[in-house]
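Residue-level structure breakdown
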Amino acid sequence: MLRDNFAKDVIDTLSKRVACRCSNPDCHRITAGPNSDAGSWVNIGVAAHITSAAPGGPRYDPIITSEQRRAIHNGIWLCQSCAKLVDSDVDKYTVEVLQGWKALAEAETEQLLVSGRTPAPMGAAIAVSQPIFIGTLAFCIVGDRRLPMVPIDEPTLDPTFYCSGCVSRIIVQSLIPLQTVVIQAFGAQVRSFEPVPQYRQEYGAYPTAISLYNLEFDDPQKAGADRFIAQRYYSVKKEGRATEETFQPVAIDPILPETFDIRLSPKSPGLYVLRVFALTSVGACVAEQDIINELEIVVPPSNVYCPNSYL
Ligand SMILES: [Zn+2]
């Protein structure tokens, strides 16, 4: 079968644009080194196709031309094991994930090349909206405030219909035209935590059905930390069912804003004041956004069915 292989100069350029290191952010191993023959060297890197070189291959895209398939934009430099990995699980290692890895690795390499060290934080490259609650089982009245009330997470619940979760939506947009922005993580910082206050329950459900990031968090005193990162991601398949997967950095559209839903999964009861944030990498800079306002949620004890008993 005819394969749209990369030309030698494309392979060479791909490897050098990341200083011969694997572009998987969890790997980053070097792929070139000395051979025992003093006049030679060893390569364990691969110029991998983002969309496959031939029909039926991983992430094959029939729409693009042969020329585009062979072009440098369709390549990413990986070590041999990461190249095998990304072709063995195409649902997890999508085109967007690989483009994100590539952008991140090249940006980091550029930064290392220019300054010789890892960059300082910079926050001006990306805009992150204030989070809004879009899905929650119930509200409650605490004093004169109306707050979302979140049950302790129910692991068996299908997250594609998450009206009993507490889901916060944020909108992320690149501020640098045409530059790929990589979201490295979503997280939340617990700004304050108190025991469950007196409250009165109200009902109101807003179910939606899209993919979302699952963010588990706990009382900071119990957890020993006040910052929590979403480790898992729900991917909604064709049948409409969600599968939970490990979070991978994702590249967002360089022009249009993108929407992300973060399911807040408390592990212990209390009144939480949270700040949701996005860790991003633009020009190899990791920026924690400061423009997000605080969110308050109440988490009742799981054994309390009738919250009116608090009144
Ligand atoms: Zn690797």
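Residues numbered from 1 in each chain as written. Predicted model: local features only at pLDDT ≥ 70, side-chain atom pairs only at ≥ 80, totals over all residues. Heavy atoms only, no water.

1. Thoughts on the overall build of the protein
Looking only at helices and strands, one finds 5 helices and 20 strands in the protein. Here the protein holds 311 residues, and the buried ones make up 43% of them. Summed over all atoms, the accessible surface of the protein reaches about 15,800 Å², with 54% contributed by carbon and sulfur. (Helix = DSSP H or I, 4+ residues; strand = E, 2+ residues; numbered from the N terminus. Buried < 20%, exposed > 50% of the residue type's maximum accessible area, 1.4 Å probe, protein only. Areas by Shrake-Rupley, 256 points an atom, 1.4 Å probe, with all protein chains shown as cover.)

2. A word on helix 3 (residues 80–88)
Those residues of helix 3 that sit buried are C82, A83 and V86. Looking down the long axis of helix 3, one finds its buried residues gathered within 105° of arc, a one-sided arrangement. Turned more than 90 degrees away from the buried face of helix 3, the exposed residues are K84 and S88. (Arc of directions from axis to C-beta.)

3. Details of the coordination of the zinc ion
Looking at the metal site, the zinc ion is ligated by C22 (SG), C27 (SG), C79 (SG) and C82 (SG), spaced 2.3 Å from it. The coordination sphere of the zinc ion comprises 4 donor atoms, whose angles at the metal cover 101 to 115°; the geometry is tetrahedral. Of the residues examined, C27 reaches a relative accessible area of 26% and is grouped as partly exposed. We classify C79 as buried; its relative accessible area is 1%. (Donors = N, O, S within 2.8 Å, 3.2 Å for Na, K, Ca; no water. Tetrahedral: all angles 85-135°; square planar, octahedral: opposite > 155°, others 65-115°.)

4. Description of the pairing of strand 8 (residues 145–149)
Across 5 bridges, the pairing between strand 7 (residues 138–142) and strand 8 is antiparallel. Opposite C140, over in strand 8, you have L147 as the bridge partner. Between strand 7 and strand 8, which pair antiparallel in sequence order, lie 2 residues; one of them, G143, sits at a positive phi of approximately 60°. (Pairing = 2+ DSSP bridges.)

5. Structural notes on the confidence of the model for the protein
Confidence in the prediction of the protein, expressed as mean pLDDT, is 78, and 77% of residues score 70 or more. Here residues 119–123 scores under 50 on pLDDT; set against residues more than four positions off or in separate chains, the count is 11 contacts. Predicted confidence for residues 283–287 stays below pLDDT 50, and this span has 21 contacts to residues more than four positions away or in other chains. (pLDDT = per-residue confidence, 0-100. Contact = heavy atoms within 4.5 Å.)

6. Points about the pattern of salt bridges
Summed over the entire model, instances satisfying the criterion amount to 8 salt bridges. A salt bridge links R69 to D4; the nearest nitrogen and oxygen atoms lie 3.0 Å apart. Placement of the pair is R69 in helix 2 (residues 66–70) and D4 in the segment before helix 1 (8–17), with a sequence separation of 65 residues. Judged by relative accessible area, which is 6%, D4 ranks as buried. Between R70 and D4 there is a salt bridge; the shortest N-O distance is 3.5 Å. Taken as a pair, R70 in helix 2 and D4 in the segment before helix 1 lie far apart in primary sequence, 66 residues in all. Three or more residues joined by partner-sharing salt bridges are found here, namely D4, R69 and R70. (Salt bridge = Lys/Arg side-chain N within 4 Å of Asp/Glu carboxyl O.)

7. Details of the nonpolar core
With 42 residues, the main nonpolar core has L78, I183, F186, F260, L264 and L274 as its most contacted residues. Element by element, the count of residues in this core is highest for strand 10 (residues 181–194), at 5 residues. With sequence-adjacent residues up to four places away left out, L78 is seen in contact with C22, S23, N24, I44, G45, V46, A48, A83, V86 and W101. A138, C140, M149 and Y199 belong to the second largest nonpolar core, which has 8 residues in total. (Core = buried A, V, L, I, M, F, W, Y, C linked by side-chain atoms within 4.5 Å.)

8. Here's the deal with the side chain of D261
Looking at where D261 falls in the secondary structure, it is placed in strand 17 (residues 258–266). The exposure class of D261 is buried, given its relative accessible area of 2%.

9. Some points on the packing of aromatic side chains
Applying the stated criterion to the full structure yields 3 aromatic pairs. For the ring pair F193 and Y272, a centre distance of 4.9 Å and an interplane angle of 65° mean the geometry is edge-to-face. Pair noted here: F193 is in strand 10 and Y272 is in strand 18 (residues 270–282), with a separation of 79 residues, a long-range link. Accessibility expressed as a relative area gives 0% for Y272, which makes it buried. (Phe/Tyr/Trp six-rings, centres within 6.5 Å; stacked < 30°, edge-to-face > 60°.)

10. What about the environment of R29?
Mapped onto the fold, R29 is located in the loop between helix 1 and strand 1 (32–34). In this structure the C-alpha to C-alpha distance between R29 and I44, which are 15 residues apart in sequence, comes to 9.7 Å. Setting aside its immediate chain neighbours within four residues, R29 contacts C20, R21, C22, I44 and C79.

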